[in-house]
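# Descriptive analysis of the structure
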Amino acid sequence: MNAINRVIRYLKQIKTLAIKYSAPTTEGQPVFKAYSDSAFTDDATTQRSSSGYLIKLFGGPIDWKLYK
């Protein structure tokens with residue numbers, strides 16, 4: 001019950017917080033960017049590959065994922 005009350009107090013405290021994204025200040029600057037990277041068998045121990053991507057909107061991350 002203590003843990004539940006702690007979570008409820010935390011949620012009440014942060015209910016006014018938000019991530020704010022703003023439009024670029026320079027004309028012609030892209031508002032949407034996507035990055036990706038991959039490496040073939042980059043882990044010498046397991047011989048596994050890894051890859052990932054990051055998608056940004058107005059300079060802030062909106063989606064990302066890493067794979068191994």
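None of these values were measured; they are calculated from a predicted model.

On to the overall build of the protein, then. A count of helices and strands for the protein gives one helix and three strands. The C-alpha radius of gyration of the protein comes to 19 Å, more than 25% above the 11 Å expected for a compact globule of 68 residues. When its C-alpha atoms are laid out on the principal axes, the protein stretches across 45 × 45 × 10 Å. For the protein, restricting intrachain contacts to residue pairs at least 6 apart in sequence, the fraction spanning at least 24 positions comes to 22%. For the protein, the accessible area works out to roughly 6300 Å², and carbon and sulfur atoms hold 57% of it. In the protein, which carries 10 positive and 5 negative side-chain charges, the distance between the mean positions of the two groups comes to 18 Å.

The next subject is a nonpolar patch on the surface. A contiguous nonpolar patch, built from Ile 19, Tyr 21, Val 31, Phe 32, Phe 58 and Ile 62 and spanning about 560 Å² of accessible area, is present on the exposed surface. Position of Val 31 relative to the elements: it lies in the loop between helix H1 (2-14) and strand E1 (32-39).

Attention now goes to the environment of Asp 42. Relative to the helices and strands, Asp 42 is located in the loop between E1 and strand E2 (50-57). Taking the C-alpha atoms as reference points, Asp 42 and Lys 68, separated by 26 residues in sequence, lie 9.7 Å from one another. Among residues more than four places away in sequence, those in contact with Asp 42 are Arg 48, Ser 49 and Ser 50.

Moving on: the sheet that holds E2. Taken together, three strands build an open sheet; the order of strands is E1-E2-E3 and the sheet is antiparallel. At either end of the open sheet lies a strand with only one pairing partner, and these are E1 and strand E3 (60-67). Each strand of the sheet is rotated relative to its neighbour by a mean of 10°, with strand direction disregarded. Pairing of E2 with E3 involves seven bridges; the strand directions are antiparallel. Each residue of the ladder has a partner; that of Tyr 53, found in E3, is Lys 65.

Bridge analysis of E1 against E2 gives eight bridges, and the strand direction is antiparallel. Within E2, the residue paired with Ala 34 across the bridge is Ile 55. The hairpin formed by E2 and E3 contains two residues between the paired strands, and Phe 58 there has a positive phi angle of roughly 55°.

Quick notes on the rules
- Residues numbered from 1 in each chain as written.
- Predicted model: local features only at pLDDT ≥ 70, side-chain atom pairs only at ≥ 80, totals over all residues.
- Heavy atoms only, no water.
- Helix = DSSP H or I, 4+ residues; strand = E, 2+ residues; numbered from the N terminus.
- Rg over C-alpha atoms; globule rule 2.2 N^0.38 Å.
- Contact = heavy atoms within 4.5 Å.
- Areas by Shrake-Rupley, 256 points an atom, 1.4 Å probe, with all protein chains shown as cover.
- Lys, Arg positive; Asp, Glu negative; His and termini not counted.
- Charge placed at Lys NZ, Arg CZ, Asp CG, Glu CD.
- Patch = residues over 30% accessible without salt bridge, like charges linked within 9 Å, V, L, I, M, F, W, Y side chains within 5 Å.
- Salt bridge = Lys/Arg side-chain N within 4 Å of Asp/Glu carboxyl O.
- Pairing = 2+ DSSP bridges.
- Axes fitted to C-alpha atoms, helices over the stretch in contact; angles between N-to-C directions.

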